[in-house]
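Geometric and topological summary
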Amino acid sequence: MDKVEIYSDGACKGNPGLGGWGALLVFNGQEKEIFGGERNTTNNRMELMAVIQALTVLKRPCDVVVHTDSQYVQKGISEWIHGWKARGWKTAAREPVKNADLWQALDAAQAEHKVEWRWVRGHNGHAGNERADQLANRGVETAR
């Protein structure tokens with residue numbers, strides 16, 4: 001399988017407010033930048049959208065490493081989602097899972113790939129994360 005590195009980030013000006021998502025995909029030394037934005041959204045939704053959009057760009061099953069500065073995304077997809085699915089998209093407190101539509105989309109988008117989820121500290125000089133942050137902010141501009 002082809003190996004792809006994805007660096008993803010979300011941004012929001014106000015929460016809710018204008019939001020943007022961005023991702024940098026690296027494959028065999030080639031880079032692809034993607035970004036987009038939405039009005040009246042949240043930072044967590046944009047963090048999820050960044051990864052969903054990046055995974056849907058891939059044309060065939062890949063060995064993927066996703067780098068995210070969102071513990072919400074990393075823990076959600078690696079740990080919490082199993083319980084949510086078992087409980088019919090309810091939390092342990094029997095409340096509806098927030099952003100269930102995007103969690104379901106992310107679950108479907110990752111299904112055909114072998115994905116490793118890595119958390120990185122945001123705004124800490126990590127080159128890929130800084131690029132993803134810039135793309136997410138460009139996404140905010142498209143939502144204006």
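See the structure shown above.
A brief structural summary.

The rules behind the values
Residues numbered from 1 in each chain as written. Predicted model: local features only at pLDDT ≥ 70, side-chain atom pairs only at ≥ 80, totals over all residues. Heavy atoms only, no water. Salt bridge = Lys/Arg side-chain N within 4 Å of Asp/Glu carboxyl O. Helix = DSSP H or I, 4+ residues; strand = E, 2+ residues; numbered from the N terminus. Buried < 20%, exposed > 50% of the residue type's maximum accessible area, 1.4 Å probe, protein only. Axes fitted to C-alpha atoms, helices over the stretch in contact; angles between N-to-C directions. Parallel < 35°, antiparallel > 145°, perpendicular 65-115°, else oblique. Contact = heavy atoms within 4.5 Å. Nonpolar A, V, L, I, M, F, W, Y, C, P; charged D, E, K, R; others polar. Left-handed = near helix turned anticlockwise from the far one by under 90°. Phe/Tyr/Trp six-rings, centres within 6.5 Å; stacked < 30°, edge-to-face > 60°. Core = buried A, V, L, I, M, F, W, Y, C linked by side-chain atoms within 4.5 Å.

Our next topic: the pattern of salt bridges. Within this structure, the stated rule accounts for eight salt bridges. Residue Asp 2 is joined to Arg 60 by a salt bridge in which the shortest nitrogen-to-oxygen separation is 2.7 Å. Pair noted here: Asp 2 is in strand β1 (residues 2-14) and Arg 60 is in the loop between α1 (43-57) and β4 (62-68), with a separation of 58 residues, a long-range link. According to the relative accessible area criterion, Asp 2 is partly exposed, its value standing at 24%. What makes Arg 60 partly exposed here is its relative accessible area of 45%.

Further remarks concern the packing of helix α2 (residues 71-86) against helix α3 (residues 100-110). At a closest axis distance of 11 Å, the pairing of α2 and α3 adopts a crossing angle of 100°. One finds that α2 runs roughly perpendicular with respect to α3. Counting all contacts with α2, which are made through Tyr 72, Val 73, Gly 76, Ile 77, Ile 81, Trp 84 and Lys 85, the residues of α3 involved are Trp 103, Leu 106, Asp 107 and Gln 110. By residue class, the composition of the contact of α2 with α3 is seven nonpolar, two polar and two charged.

Packing of α1 against α3 leaves a shortest axis separation of 9 Å and a crossing angle of 25°. Judged on the interaxial angle alone, α3 and α1 are roughly parallel. The two elements α1 and α3 meet at a crossing, and its hand is left-handed. In this structure, α1 uses Arg 45, Leu 48, Met 49, Val 51, Ile 52, Leu 55 and Thr 56 to contact α3, whose residues at the interface are Asp 101, Leu 102, Trp 103, Ala 105, Leu 106, Ala 109 and Gln 110. Split by residue class, the contact of α1 with α3 holds 10 nonpolar, two polar and two charged.

Turning our eyes to something else, we now look at the packing of aromatic side chains. One pass over the structure, following the stated rule, counts four aromatic pairs. With a centroid separation of 5.2 Å and 65° between ring planes, the pair formed by Tyr 72 and Trp 103 is classed as edge-to-face. One end of the pair, Tyr 72, is in helix α2; the other, Trp 103, is in helix α3, and 31 residues separate them in sequence. On the basis of relative accessibility, which here comes to 0%, the residue Trp 103 falls in the buried class. Seen from their ring centres, Trp 84 and Trp 89 are 6.4 Å apart, and the 40° between their planes marks the pair as tilted. The same class applies to Trp 84 as to Trp 89, namely buried. Each residue in the set Tyr 72, Trp 80, Trp 84, Trp 89 and Trp 103 is aromatic and connected to the rest through ring pairs, giving one cluster.

Let us look at the nonpolar core. Within the largest apolar cluster, 31 residues are counted, with the highest numbers of intra-cluster contacts made by Ile 6, Leu 25, Leu 55, Trp 103 and Leu 106. When residues of this core are traced back to their parent elements, those giving at least two are β1, β2 (17-27), α1, β4, α2 and α3. Considering each element in turn, this core owes the most residues, eight residues, to α1. When neighbours within four sequence positions are excluded, Leu 25 is seen to be in contact with Val 4, Glu 5, Ile 6, Gln 30, Glu 31, Lys 32, Ile 34, Ala 54, Val 57 and Leu 58.

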